[in-house]
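Architecture at a glance
Single-letter residue listing:
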Amino acid sequence: MKRTIRFLVPLLGYLLLLNGPQLYAQQTSDSAYKRPLKAVLTDIEKRFNIRIKYTDKQVAGKFVPYADWRYRPTLEATLDNILTPLDLKIKKDKDTYKLGEYEYYRWSVPEGWAELDRIAAQYTNQSEWEQRKAELKPCIREALQLTHLPAAPASQAIITAERKFDGYTVRNIAIEILPGLYINGSLYKPAKYKGKIPVILNPDGHWQQQRYRPDCQYRCAALARMGAMAFSYDLFAWGESLLQFEDADHRRSLAMTIQALGAIRILDYLLALKDADTARVAITGGSGGGSHTVLMAALDDRIRASAPVVAISSYFYGGCPCESGMPVHACGNRTDNVEIAAMAAPHPQLLISDGGDWTDKMPEHDFPYLQKIYNYYNKKDNVTNVHLPTEGHDFGINKRKAIYDFMAKNLGLNINAADESKITIEEAPALYVFGDKGERLPSGAIHGFAQLEQVWKTAINAAE
């Protein structure tokens, strides 16, 4: 029996070694000194007296090679050395540390400011800036695969019956932007008007209830009461577009392109209406709709005024592939959303920022840059910033009031008619084009992303 035990003890040690460093304390370079990520995080917590929050899924199956060699005297350097190779990072909020995925679209504030300074150093006057813009614009179009626009379907827009309210009317409209692909929205117009009226695009943002939210309805109805036609529309694979796609499709890179094409097609449609004033065209959107607002104001010369809301920052590139999925930011040896916003100059532009998201430092660095660009045209006052330091990431009443003032001033609208108490908030189904259950979706509609990719490829090849 003793001989058996003497044999089993070294055998057990050998088996533990074969099972890896998680079961055997001694490590060597043969095992790359690797340790389970969970064990490493536990050790960091003890060494630096902190608490790191993470889920089992985030650490399962992950190992840190040469773990003990990655420690440094400071917590920040240690975390950077350990987590960066795993495409992980720590998010700190006051005394809380939370494990998160690497975010290509989010930079530190100093890095973002330094990058904008590097970009801005390439021009010092209007002529040099115009050269820079002439370089960026075609590159952005190419990055979006929109250098050659695909042919527009010859179909007529699908329009629902008019609904009448206090000072405004609403119709729901679907426009076929590619064969079988529809972009849906609601067109708000003044109840009474004469002649031609301004056109205002209102792309949806990344909030729940999509464009059916009360804040969307308040904004568009108020703008209509003020004397404009305001079109509120879905982002790709968002809202009523989910009749054709899965919600996960919204986070595919092609979403950025389809949304840009959709805005172009919407303008084609609206500006062809007999009562549309083609000289007074604006766009405003919040969050992801704000990124979209800046992109379209830079690309489409028909847009004469823009107002991105809680969206633009030199250290945030858009947290959704529908904002940053296509390589537009690689243009011109790299650009950022603030420089893209500057491409709207000298047209009037309002940027609304707040203290609760990545726009929190807009007045300190990014806005002065924009003022400098507008000053090249002697139009410094054409760019304005309404900063709401005590507010968060939303499209609340103070943000809407700033929009009403901006649009009234630059489009010649009646600010006295912006009375939200006169507005009726409709239930979501009232804003559908294709029925409560999508029963009126045309039979030839695309179903699924794979079919869209094929249609897109065919359309682009034909355009080229």
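Now for a look at the structure at hand. Worth saying up front: this structure is predicted, and the values here are computed from it rather than measured. Along each chain, residues carry numbers from 1 onward, in the same order as the chain's sequence is written. Reporting in this predicted model follows two pLDDT cut-offs: at least 70 for local features of residues, and 80 or more for side-chain atom pairs to be given and counted; totals over whole chains, interfaces and linings ignore these cut-offs and use all residues. Heavy atoms throughout the structure, all of them, feed into the side-chain values; hydrogens and water do not.

1. Concerning the sheet that holds strand β4 (residues 88-93)
Spatially, β2-β5-β4 is the arrangement adopted by the three strands of the open sheet, whose pairing is mixed. The strands lining the two open edges of the sheet, one partner per strand, are β2 (52-53) and β4. Pairing between two strands requires that DSSP report at least two bridges joining them. The secondary structure listing takes helices from DSSP runs of H or I that are at least 4 residues long and strands from runs of E that are at least 2 residues long, numbered from the N terminus. One ladder, built from two bridges, connects β2 with strand β5 (residues 96-101); its direction is parallel. Within β5, the residue paired with I52 across the bridge is Y97. The strands touched by helix α4 (residues 75-83) within the sheet are β2, β4 and β5, with β4 carrying the most contacts at an inclination of about 150 degrees. Residues are treated as being in contact if the distance between any of their heavy atoms lies within 4.5 Å. Lines fitted to C-alpha atoms define the axes here, with helix axes fitted over just the stretch in contact, and angles between the N-to-C directions of these axes take values from 0 to 180 degrees.

2. Side note on the nonpolar core
The set of buried Ala, Val, Leu, Ile, Met, Phe, Trp, Tyr and Cys residues whose side-chain atoms join them within 4.5 Å is what this entry labels a nonpolar core. Only protein chains enter the accessibility calculation, which uses a 1.4 Å probe; a residue whose area is less than 20% of its type maximum is buried, one above 50% is exposed, and one in between is partly exposed. If you look at the biggest cluster of nonpolar residues, it comprises 79 residues, and the most contacted ones within it are W129, I140, L144, L178, I258, Y369 and L452. Broken down by element, this core gets its largest block of residues, twelve residues, from helix α8 (residues 254-271). Once residues lying within four places of it in the same chain are set aside, the contact partners of I140 are L295, L299, V328, C331, I340 and M343. Grouped together as the second largest cluster of nonpolar side chains are 34 residues, C220, Y404, F406 and L413 included.

3. What to know about helix α9 (residues 288-299)
Taking 1.5 Å of rise per residue, the twelve residues of α9 would be expected to cover 16 Å, and the 17 Å separating its terminal C-alpha atoms lies within 8% of that figure. Most of α9 is tucked away: twelve of the twelve residues are buried. Within α9, burial applies to G288, G289, G290, S291, H292, T293, V294, L295, M296, A297, A298 and L299. One fewer than the residue count of a helix, multiplied by 1.5 Å, yields its expected span.

4. Some remarks on the packing of helix α5 (residues 109-120) against helix α12 (residues 366-375)
Two numbers describe how α5 lies on α12: the axes approach to 11 Å, and their chain directions differ by 15 degrees. With respect to each other, α5 and α12 are oriented roughly parallel. Crossing of α5 over α12 shows left-handed handedness. Along the contact surface, α5 presents W113, L116 and A120, while α12 presents D366, Y369 and K372. Polar here means any residue outside two lists: the nonpolar Ala, Val, Leu, Ile, Met, Phe, Trp, Tyr, Cys and Pro, and the charged Asp, Glu, Lys and Arg; Gly therefore counts as polar. In terms of residue class, the contact of α5 with α12 is made up of four nonpolar, no polar and two charged. Roughly parallel covers angles under 35 degrees, roughly antiparallel covers those over 145, roughly perpendicular covers 65 to 115, and oblique covers all other angles. By the definition used in this description, the sense in which the near helix is turned from the far one sets the handedness, with an anticlockwise turn below a right angle giving left-handed and a clockwise turn giving right-handed.

5. A few points about the pairing of strand β14 (residues 349-354)
Among the six residues in β14, six count as buried, and that is most of the element. Of the two faces of β14, both are covered, the one formed by Q349, L351 and S353 as well as the one formed by L350, I352 and D354. Note: strand β13 (residues 305-309) against β14, two bridges, orientation parallel. Opposite V309, over in β14, you have I352 as the bridge partner. As judged from the six bridges shared by β14 and strand β15 (residues 383-388), these two strands associate in the parallel manner. Across the sheet, the residue bridging to I352 is V386, located in β15. When the strands point away from the viewer and the connection leading from the first strand across the helix to the second strand turns clockwise, the crossover is called right-handed. In this region the chain leaves β14, passes through α12 and returns to the parallel neighbour β15; the handedness of that crossover is right-handed.

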